[in-house]
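The chain contents come next:
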Amino acid sequence: MDPGASFCRLLMTVCVLGGYPLLISGCRGEILALWKRKSHKEVTRQHEKTVTSILLSMVTVGALTMKDAGFVIGFNGALMGSALLYIFPTMLFLSRTSKMTTVSKRIRLERWFCKFLVGFGVFAAIVGGGASVVATYFPRLLL
């Protein structure tokens, strides 16, 4: 056995085991915040436990039924990569400059380019996500 590979596997295990609680906690917080906003009721400890159980059950069922974790990694990378590189920064700029009373020619040109980048980012996410789906579930289409 390669000691370097074993050490990397150990670090990967720590990363996965440490990352899931953070992910579940963040998702639970957002779900409960949405529920509180819609229902106008206070969130109790029982609500937190219920939402946590549901989220963990969903992740566990997905992990048990999924044959290839590479699909999740590729699909998530395609969507979030495009969002982080092209969509989110340009949407922030467009939001920030939308209320400007005086807009120079440079800002108008930059806003137009940012709108193009948002469209390109959506296109890249669709193509990348589609490529992940095709490569995993329809590999015969790539021959």
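Residues numbered from 1 in each chain as written. Predicted model: local features only at pLDDT ≥ 70, side-chain atom pairs only at ≥ 80, totals over all residues. Heavy atoms only, no water.

Among the surface-exposed residues, Leu109, Trp112, Phe113, Phe116, Phe120, Phe123 and Val127 lie close enough to one another that they form a single nonpolar patch of about 760 Å² accessible area. With respect to the secondary-structure elements, Val127 resides in helix H4 (residues 105-137). (Patch = residues over 30% accessible without salt bridge, like charges linked within 9 Å, V, L, I, M, F, W, Y side chains within 5 Å. Areas by Shrake-Rupley, 256 points an atom, 1.4 Å probe, with all protein chains shown as cover. Salt bridge = Lys/Arg side-chain N within 4 Å of Asp/Glu carboxyl O. Helix = DSSP H or I, 4+ residues; strand = E, 2+ residues; numbered from the N terminus.)

In this model, helix H1 (residues 3-39) (37 residues) spans 54 Å end to end at C-alpha, consistent with the 54 Å of a helix rising 1.5 Å per residue. Where H1 ends, the next residue or the one after it, His40, has phi of about 60°, a positive value. (Expected span 1.5 Å × (residues − 1).)

On to H4, then. End to end, H4 covers 48 Å across 33 residues, agreeing with the expected 48 Å (1.5 Å per residue, within 8%). The secondary structure elements touched by the buried residues of H4 are helix H3 (69-97). (Contact = heavy atoms within 4.5 Å.)

Positive phi outside glycine occurs at His40, with the angle close to 60°. Relative to the helices and strands, His40 is located in the loop between H1 and helix H2 (45-65). Judged by its relative accessible area of 70%, His40 falls in the exposed class. (Buried < 20%, exposed > 50% of the residue type's maximum accessible area, 1.4 Å probe, protein only.)

Looking now at the packing of H3 against H4. It is at 8 Å that the axes of H3 and H4 come closest, and there the two elements cross at 170°. One way to sum up the angle between H3 and H4 is to call them roughly antiparallel. Partitioning the contact of H3 with H4 into residue classes produces 19 nonpolar, nine polar and three charged. (Axes fitted to C-alpha atoms, helices over the stretch in contact; angles between N-to-C directions. Parallel < 35°, antiparallel > 145°, perpendicular 65-115°, else oblique. Nonpolar A, V, L, I, M, F, W, Y, C, P; charged D, E, K, R; others polar.)

Before going further, it helps to spend a moment on the packing of H1 against H2. For the pair H1 and H2, interaxial distance at closest approach is 10 Å and the crossing angle is 125°. The orientation of H1 relative to H2 falls into the category oblique. Here the hand of the crossing between H1 and H2 comes out right-handed. Contacts between H1 and H2 involve Tyr20, Ile24, Cys27, Arg28, Ile31, Leu32 and Trp35 from the former and His47, Glu48, Val51, Thr52, Leu55, Leu56 and Val59 from the latter. (Left-handed = near helix turned anticlockwise from the far one by under 90°.)

On to the confidence of the model for the chain. In this model, the chain carries a mean pLDDT of 89, and residues with pLDDT of at least 70 account for 100%. The lowest-confidence element of the chain is H1, averaging 86 in pLDDT; the highest-confidence one is H4, averaging 94. (pLDDT = per-residue confidence, 0-100.)

The subject of this paragraph is the packing of aromatic side chains. Throughout the structure, instances matching the rule amount to five aromatic pairs. With centroids separated by 5.1 Å and ring planes inclined at 75°, the aromatic side chains of Phe71 and Tyr137 adopt a geometry described as edge-to-face. Highlighted residues: Phe71 in helix H3 and Tyr137 in helix H4, separated in sequence by 66 residues. Here the aromatic residues Phe71, Phe75 and Tyr137 are joined through ring pairs into a cluster of three or more. (Phe/Tyr/Trp six-rings, centres within 6.5 Å; stacked < 30°, edge-to-face > 60°.)

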